[in-house]
Structure formats: C-alpha cells, structure tokens
Amino acid sequence: KPGEQKHAKEPSSLQCMHLAVVACGDRLEETLIMLKSAVLFSNRRLCFHIFAEDSLKPEFEKKLKEWPSSYTKKFEYNIYPITFSVGNAQEWKKLFKPCAAQRLFLPVILKDVDSLLYVDTDVLFLRPIDDIWHILKEFNSTQLAAMAPEHEIPKIGWYSRFARHPYYGTTGVNSGVMLMNLTRIRNTQFKNSMIPSGLTWEDMLYPLYQKYKNYITWGDQDLLNIIFYFNPECLYVFPCQWNYRPDHCMYGSNCKGAEEEGVSILHGNRGVYHDDKQPTFKALYEVIRDFPFEDNLFQSLYYPLQSKFLDTVHTLCGRIPQVFLKQIEKTMKKVYENRVIVYLGANHRY
C-alpha cells in the first residue's frame, strides 16, 4: 500500500533514483513543493523516503494522493517515523533544526538501499534529478558521499572565520544536498579523533557528538564536516550550482558554475521562501507551488517566473536573473520535446 514500508526488494526499486528528506514541525508544504519540483522534471522513476513526525504522515498521504495519476505513476514513496539507533533520541531530535539529525542515520535505517540523494526540505530542483544521480558514477574507489562547499570565498565563509571544530577543506561543506553511497558508508571503517583503529559509521556518531557537542553550531552538518575532515578521501565535492544558496548572490555573485550553467538545485536556507529578504528565491518557490500539474510549463511556470523576476531586479540576487532561469528553461524545453514533439511524432506515423 502507498506509504507503507516495503521490506522485499522490488525490481522497480532497483531502477529507482532514491530521494530522502526529513520533515518535522511546519515543513509539510515546503517538503511537498520540493517533491513536486523533483517529479516535474525527472526522467527516471523516483523512490521517495520521507521521514516525518507521526502527526504529518496522514497529511503527506492525503496530499500525495491528490496529485494527478500522470505524475503519481512516476514515483513510489515510503513514510518512516523519526528514529535514532544510537545515543539519546531527545538529544538528536533537538540538535540544530528539529529532526535534522535523522539524515545521519539513513545508512543504518535504509539497509536495502544502495545509494540515495538526501536534500533539506527547502530545496528546489530546477533540472532532472537524473543529472545529479549520474555523479555517483564519477566517484572514485574511496568516495562514498558528495556535497558542495559551504562557501566559495574563505574570507567571508562561516567555517573559515568562526568554526571551533575541525571541518572539511578551506570553507567546509554544506549538507543540504548530499549524495550518498550507503553501501560504501556501511562497509567503511572511518578514521576519527577517538579510536586509532577506526569506527563504523553507526558506532562513530554518538561518541563524535559527545566529544564536539559544546563546539558545534550547525548540528549534524558540523558532525559531517568533522567526519570528512578526518576522511577527506571519502568525499566528492560537487560545484556550487548543485546547492545554490542566498550566500552565492547576496554578497555579489560568487558561484561561477551557476553563472556559466545556471542554477541546478536551489537551496532556500535562512527561511527565504517565506520572508521578503530574497524575493528571487521566494518567486521561484511560489511559482512552483502554484503551478497546476498538467498545465503548459512555459505558460504557467516559466512566463510567470519571468514576470515575478522583474520585481526583484533591485536586489543583489535579482540582478542576475539569467543564473536562475538558464537551467530551468533548458529543462522545460527538454520536457516539452519529450512530451509533445515525440508524442506527436509517434502519432503521425499512423
């Protein structure tokens, strides 16, 4: 049944692109809009792993069932309770944002899943997930996860200025978009600052938290930075257009990849979808939220977006609309070709 955990491996799940998200508190709508952006543009089948508080489960099921069948047939989903396999559950639950630490336990809980993409609830896909999923094939023999840098410029980066604990590289990494080879994570002994012989992922988490809990600010993201500081060979770093945040434009444009290719994944952290501090981010969120599933993408999504962007040109992020529009325009052209031109061409043969 929809929403129930499947214990037997199914052939379809082997072809799935697995997407995980953790939703607590008031994050229901934000999560649904993220899932909607994933379904709108993806090519291959999706498997959603939604970790949510018990009170949100019926709401997720109700809303997802309301989506048209032309889209619901593109994905399957499971909804899981919030659980922490080691340490104090209440401590984990209160670490930084509610329930966010759940992502640390994905390798332990999803034992039948080989690889997945984890994203925060405040993420929007502006191109098919297929494209970031392909990065898994670029991992070398030691890499088991991929994240983008927390900042491009050390002198204005948070970790390089304020961190009181070890962190990856020169600016740290941001965990809001994280590609994970769960099989490799489960099978690896991680170097750490506690036991010379190394620890498994599950055995390392709680001792690591206990050691650094008085020094971390950003919760589970800080713990991931500490882990990959000691195990840098395990991390693949993808460019900033795969995790594009307000920091990339609010201090001037500092994500070269987005300038060249356009934003691939938008990460509206700092609550920017819900206030007026970054109207460019809010415009994208609202247009995807309000898009009627089966309408024309150009008429009901792209053109309203262009119109909304005209009202944001006075802001630092709004001065570079092409960065936000380039990838989504390219993606919609592909969707249009697949759904209309190919379909019509097939019909004209008969």
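Our structure's up above, just so we're on the same page.
Residues numbered from 1 in each chain as written. Predicted model: local features only at pLDDT ≥ 70, side-chain atom pairs only at ≥ 80, totals over all residues. Heavy atoms only, no water.

**Some points on the packing of aromatic side chains**
What counts, and what does not: Classification of ring pairs rests on two measures: the distance between centres of Phe, Tyr or Trp rings, Trp counted by its six-membered ring, which must be within 6.5 Å, and the angle between planes, read as stacked under 30 degrees, edge-to-face over 60 and tilted in between. Numbering of helices and strands starts at the N terminus; helices are DSSP runs of H or I of at least 4 residues and strands are runs of E of at least 2.
Within this structure, the stated rule accounts for 19 aromatic pairs. Relative to Phe324, the ring of Phe309 lies with its centre 5.9 Å away and its plane at 75 degrees, an arrangement referred to as edge-to-face. With Phe309 in helix 14 (residues 297–310) and Phe324 in helix 15 (residues 321–348), this residue pair connects regions lying 15 residues apart in the sequence. Through successive ring pairs, a cluster of aromatic residues spans Phe48, Trp67, Tyr71, Phe75, Tyr77 and Phe293.

**Here we look at the packing of helix 13 (residues 279–290) against helix 14**
The condition that has to hold: Simply put, an axis is a line fit to the C-alpha atoms, just over the touching stretch for a helix, and the angle between two N-to-C directions goes from 0 to 180 degrees. Any angle that is under 35 degrees is reported as roughly parallel, and any over 145 degrees as roughly antiparallel; angles of 65 to 115 degrees are reported as roughly perpendicular and all others as oblique. The handedness criterion is simple: a crossing whose near helix is rotated anticlockwise from the far helix by less than a right angle is left-handed, and one whose near helix is rotated clockwise is right-handed. Two residues qualify as a contact provided that any one of their heavy atoms is within 4.5 Å of a heavy atom in the partner residue. The residue classification treats Ala, Val, Leu, Ile, Met, Phe, Trp, Tyr, Cys and Pro as nonpolar and Asp, Glu, Lys and Arg as charged. All others, Gly included, are polar.
The contact between helix 13 and helix 14 brings their axes to 10 Å, and the two run at 155 degrees. By the angle class used here, helix 13 and helix 14 are roughly antiparallel. With respect to the hand of their crossing, helix 13 and helix 14 are arranged in right-handed fashion. Contacts between helix 13 and helix 14 involve Thr280, Ala283, Leu284, Glu286, Val287 and Ile288 from the first element and Leu301, Pro304, Leu305, Lys308 and Phe309 from the second. Residues of the contact of helix 13 with helix 14, tallied by class, amount to 8 nonpolar, 1 polar and 2 charged.

**Here's the deal with helix 13**
Here is the rule we go by: Take the number of residues in a helix, subtract one, and multiply by 1.5 Å to get its expected span. Throughout this description, buried means an accessible area under 20% of the type-specific maximum (1.4 Å probe, protein chains only), exposed means over 50%, and partly exposed covers the range between.
Here helix 13 spans 16 Å end to end across 12 residues, near enough to the 16 Å set by a 1.5 Å rise per residue. The element helix 13 is largely enclosed, with a buried count of 9 among its 12 residues. Buried within helix 13 we find Thr280, Phe281, Lys282, Ala283, Leu284, Tyr285, Glu286, Val287 and Ile288.

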